[in-house]
Amino acid sequence: MCSPPNPPPTTALTCVLRCFPCEPTWAGSPFLHRPPTPPMVRMTRSKTFQAYLPSCHRTYSCIHCRAHLANHDELISKSFQGSQGRAYLFNSVVNVGCGPAEERVLLTGLHAVADIYCENCKTTLGWKYEHAFESSQKYKEGKFIIELAHMIKDNGWD
Ligand SMILES: [Zn+2]
């Protein structure tokens, strides 16, 4: 079979050449006058005092005012003891303020800890480990303890 005749090899080049004269025209066209860039983020609601965790996650909230405190994914351990019973260790928390650090002897030795409180209702919730003096306790540094007595489970718990 005969292959169809190739198109003239100059076609593509011709096209390019044909387009060149157009350039000055479209360079000055309204195409280049872009519409004003919209703001990156439009705030539909004014920011409130609270940070909100994703509603699809299981979260812990302040039992007194329901401000979100922590995502369940941030829970490290449930086996801590607070002054009012069980307490949970969290990797990170929200809506929580921090008092001055001070050294305290806890069940697991000497630590520098700071009281943490709900920024919304100001209730003391637990403490933050600022510094652990024993190497076995170093993993707690920068982590947060919230007593179970101050937390309520929100969103998606069975
Ligand atoms: Zn609160």
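The rules behind the values
- Residues numbered from 1 in each chain as written.
- Predicted model: local features only at pLDDT ≥ 70, side-chain atom pairs only at ≥ 80, totals over all residues.
- Heavy atoms only, no water.
- Helix = DSSP H or I, 4+ residues; strand = E, 2+ residues; numbered from the N terminus.
- Buried < 20%, exposed > 50% of the residue type's maximum accessible area, 1.4 Å probe, protein only.
- Contact = heavy atoms within 4.5 Å.
- Areas by Shrake-Rupley, 256 points an atom, 1.4 Å probe, with all protein chains shown as cover.
- Pairing = 2+ DSSP bridges.

J.: How should the overall build of the chain be read in this particular structure?
T.: Across its full length, the chain holds two helices and nine strands. When the helices and strands of the chain are read in sequence order from the N terminus, they spell out α-α-β-β-β-β-β-β-β-β-β. The buried share of the chain, taken over its 158 residues, is 30%. Within the chain, residue pairs in contact and separated by at least 24 positions form 46% of the contacts whose partners lie at least 6 positions apart. As displayed, the chain has an accessible area near 11,000 Å², and 59% of this comes from carbon and sulfur atoms.

J.: Is there a simple way to explain the pairing of strand β6 (residues 109-118) in this structure?
T.: Strand residues, when the strand is regular, have side chains that alternate between the two faces of the sheet. For β6, a buried count of seven out of 10 residues is recorded, marking the element as mostly surrounded by other parts of the structure. Where strand β5 (residues 96-106) and β6 come together, nine bridges link them in antiparallel fashion. From the neighbouring strand, Glu102 faces β6, where its bridge partner is Val113. Counting the residues between successive antiparallel strands, the hairpin from β5 to β6 contains two residues. Here β6 pairs with strand β7 (residues 124-132) via seven bridges, running antiparallel. Note on β7: the bridge partner recorded for Asp115 is Trp127. Hairpin connection of β6 to β7: five residues between the antiparallel strands, including Lys122 at a positive phi of 70 degrees.

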